[in-house]
Amino acid sequence: MGVVSYNITASDKETFDRDGYWISPKLLDDETIERLRAAHERIWKKDYDGAGHALHPFKLSDNPFALRKFDNGWWINDEVRDVVTDPNLGQMAAELLGEDEIRLWHDQVIYKPGASGQETNAGNVGWHQDYGYWRASSTSNMVTVWIALQDTDLHNGGMMTILGSHKWGAVEGSDTFFEQDMTKLKQRFATRDWVEEPCILKAGQASFHHALTFHGSSTNYSDSPRLSVVAHLMPGDTYYREGRASHDNVRLLGPRPQFGQRFDNEYFPLLYSKK
Ligand SMILES: O=C(O)CCC(=O)C(=O)O
C-alpha cells in the first residue's frame, strides 16, 4: 500500500535536468491502483470522506467527453490523500529538484473520458506551463507528479511534454490548460525547437515534470476513461511572492495573506525533510 521507495540516481536527475521530465518506475502496487480507481468513482459521485468540503465544488459537464478535474482531492478522499502526501513521493521530488524539504502545493484528480474513436477536443489539455498559474509562488523549482492508473499512451490521451522547454523560463500567457486548440497553441509557443515527447506509462508509473516544462494532452480515442492522480509539489520554504498573478492557494494563507508568508500551514503538508 502507498508509494514504493525509490532512490533517484544521478542518471535520473541528469535526465530530469536535461529534458524537463523523468519517467519513474512503477510506484504503486496493483491493489493501490485499484483503490485509486475506486476513489475516482466515488469522487465523481460526490461520495466524500470526512465532513470536508471542496475548494472548488465539482460540477459534471453536459458534454460526456469533457475532461473532469478535481483540485485538492486529498481534502475529501482518503486514498488520494495517502498517495499525494506520501513521504516517498516527497523524497523523489526533493532529489530531482535538489531541495531539502518538500510540501504539497495541491493535487488534481483527472478523468479524461474515452471518445471511442470519435474526434473531439473536449478532453484536451492545452499546451501550458504549470508555473503559468503559480507565479504567486516564490520559486519555479516545483514539480508535478502525474500518476497513471492504467497503461497510458497517446491512444488514450496521454500527456506529452516539450523536450527541454523548462529552460525557456516563465513564458508570458502560458496559463493555457483550458484552451483546447493544440495547433493554435503550438503556433503561439513554438518559437524555439518544439519536440513533443509522449509520456508512455504503465499503470502505477508516474511522470515527473518541472513547473516550467510545457505539456498538454489530446483526445482519448479508446473506449475507457484515462484516470490519473496528480501531485504538485514545492520546496518546503516556498512563500507568497509580491507582484505576481494570484492563485487560489493564496486564500489558504488566511484572510490577510502577507507577501513573504510561507505556504507552510496545514493546507500545505510537509511530505519530506532531509534534516
Ligand atoms: O492530465 C493531463 O493530460 C495534463 C495534466 C496537467 O497538465 C498536469 O498534471 O500538470
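Refer to the preceding data block for the structure.
This one's a predicted model, so the numbers in the text were calculated from it and none came from an experiment. Residue positions are given per chain, counting from 1 as you read along its sequence in written order. Only residues with pLDDT of at least 70 get local features here, since the model is predicted, and only at 80 or more are side-chain atom pairs given and counted; chain-wide, interface and lining totals rely on the full set of residues. To obtain the side-chain values, all non-hydrogen atoms of the structure were included, while hydrogens and water were left out.

1. Points about the site of the ligand
Cut-off, in case you're wondering: Only a single heavy atom is needed: when it lies within 4 Å of a molecule or strand, its residue is near that molecule or strand. Think of a polar contact as two N or O atoms within 3.5 Å of one another; within protein, one of them needs to be a possible hydrogen donor and the other a possible acceptor, and neighboring residues in sequence only count if both atoms come from side chains. The method behind every accessible area is Shrake-Rupley, applied with a 1.4 Å probe, and residues are considered shielded solely by the protein chains displayed. Secondary structure counts use DSSP, requiring at least four H or I residues in a row for a helix and at least two E residues in a row for a strand, with both numbered from the N terminus.
Contacts to the ligand come from 15 residues, most closely from His 128, Trp 146, His 215, Ser 217 and Arg 226. With respect to the ligand, the side chain of His 215 contributes an N or O atom lying 3.0 Å from an oxygen atom. Within the contact set of the ligand, an oxygen atom lies 2.6 Å away from a side-chain nitrogen or oxygen of Ser 217. Isolated, the ligand exposes 300 Å² of accessible area, and the fraction of that covered by the protein chains is 100%. Of all the elements in the fold, those that place two or more residues in the shell around the ligand are β3 (101–112), β4 (125–128), β5 (143–148), β9 (215–217) and β10 (226–235). When residues in the shell around the ligand are grouped by element, the largest group, three residues, is from β10.

2. Digging into the pairing of strand β6 (residues 159–162)
Cut-off, in case you're wondering: Only protein chains enter the accessibility calculation, which uses a 1.4 Å probe; a residue is then buried when its area is under 20% of its type maximum, exposed when over 50%, and partly exposed in between. Strand pairing requires that DSSP identify at least two bridges connecting the strands.
By the alternation rule, side chains of β6 split into Met 159 and Thr 161 and Met 160 and Ile 162, which are all buried. Relative to β9, β6 is paired through three bridges, and the arrangement is antiparallel. Bridge pairing links Met 160 to Gly 216 in β9. Where β6 and strand β7 (residues 196–198) come together, three bridges link them in antiparallel fashion. Opposite Met 160, over in β7, you have Pro 198 as the bridge partner.

3. Description of the packing of aromatic side chains
What counts, and what does not: Working definition: rings of Phe, Tyr and Trp (its six-membered ring) pair if their centres are within 6.5 Å, and the pair is stacked with planes under 30 degrees apart, edge-to-face with planes over 60 apart, and tilted otherwise. Only when the NZ atom of a Lys or the CZ atom of an Arg is both within 6 Å of the ring centre and within 35 degrees of the ring normal do we say a charge sits over the ring.
Applying the stated rule across the entire model yields 18 aromatic pairs. Judged by centre distance (6.3 Å) and plane angle (70 degrees), the rings of Trp 105 and Trp 134 are edge-to-face. Of this pair, Trp 105 sits in strand β3 while Trp 134 sits in the loop between β4 and β5; the two residues are 29 residues apart in sequence, bridging distant segments of the chain. Residue Trp 105 is classed as buried on the basis of its relative accessible area, which comes to 0%. Lying across the ring of Tyr 111, Arg 68 places its NZ or CZ 4.0 Å from the centre. Lying across the ring of Phe 177, Lys 69 places its NZ or CZ 5.3 Å from the centre.

4. Description of the pattern of salt bridges
Rules: Salt bridges are counted wherever a side-chain nitrogen of Lys or Arg sits within 4 Å of a carboxyl oxygen of Asp or Glu.
Summed over all chains, the structure comprises 14 salt bridges. For Lys 26, the salt bridge is made with Asp 30, and the minimal N-O distance between the two is 2.5 Å. Here Arg 135 and Glu 172 are joined by a salt bridge, their closest N and O atoms 3.3 Å apart. Of this pair, Arg 135 sits in the loop between β4 and β5 while Glu 172 sits in the loop between β6 and α5 (182–189), and the two are 37 residues apart along the sequence. When salt bridges with common partners are traced through the structure, they connect Glu 31, Arg 35, Arg 42, Asp 47, Asp 49 and Glu 79 into a single cluster.

5. Focus: unusual backbone geometry
Here Asn 72, not a glycine, exhibits a phi torsion of approximately 60 degrees, which is positive. The topology assignment puts Asn 72 in the loop between β2 (68–71) and α3 (78–84). According to the relative accessible area criterion, Asn 72 is buried, its value standing at 3%. The phi torsion at Ser 116 lies on the positive side, around 45 degrees, for a residue other than glycine.

6. Examining the side chain of Asn 249
Keep this limit in mind: Here a residue-residue contact requires only that any non-hydrogen atoms of the pair lie within 4.5 Å.
Among the secondary structure elements, Asn 249 is positioned in the loop between β10 and β11 (270–273). Looking at Asn 249, the relative accessible area reads 1%, which means it is buried. The residues contacting Asn 249, other than those within four sequence positions of it, are Trp 105, His 106, Phe 263 and Phe 268.

7. Concerning the nonpolar core
Side chains of nonpolar character tend, in soluble globular proteins, to be buried together. The test is simple: Throughout this description, the term nonpolar core refers to a set of buried Ala, Val, Leu, Ile, Met, Phe, Trp, Tyr and Cys residues connected via side-chain atoms within 4.5 Å.
With 57 residues, the main nonpolar core has Leu 28, Phe 70, Leu 89, Val 145, Phe 208, Leu 233 and Phe 263 as its most contacted residues. Of all the secondary-structure elements, those providing two or more residues to this core are α2 (30–44), α3, α4 (87–97), β3, β5, β8 (206–210), β10 and β11. Here this core takes six residues from α4, the largest share from any one element. Ranked by size, the runner-up nonpolar core spans 11 residues in total, among them Tyr 21, Val 125, Cys 199 and Val 230.

8. Thoughts on the packing of helix α1 (residues 10–19) against α4
Defined as follows: Note on geometry: axes are lines fitted to C-alpha atoms, helical ones only across the stretch in contact, with angles between N-to-C directions running from 0 to 180 degrees. Note that the term roughly parallel is reserved for angles under 35 degrees, roughly antiparallel for angles over 145, roughly perpendicular for angles of 65 to 115, and oblique for everything else. For a crossing to be left-handed, the near helix must be turned anticlockwise from the far one by less than a right angle; the clockwise case is right-handed.
The interhelical angle for the contact between α1 and α4, taken along N-to-C directions, is 65 degrees, at an axis separation of 9 Å. Considering the angle they form, α1 stands roughly perpendicular to α4. Relative to α4, α1 is oriented so that their crossing is right-handed. Here α1 contributes Asp 12, Lys 13, Phe 16 and Asp 17 to the contact with α4, which in turn contributes Glu 95, Leu 96 and Leu 97.

Keep in mind these numbers describe shape, not what the thing actually does.
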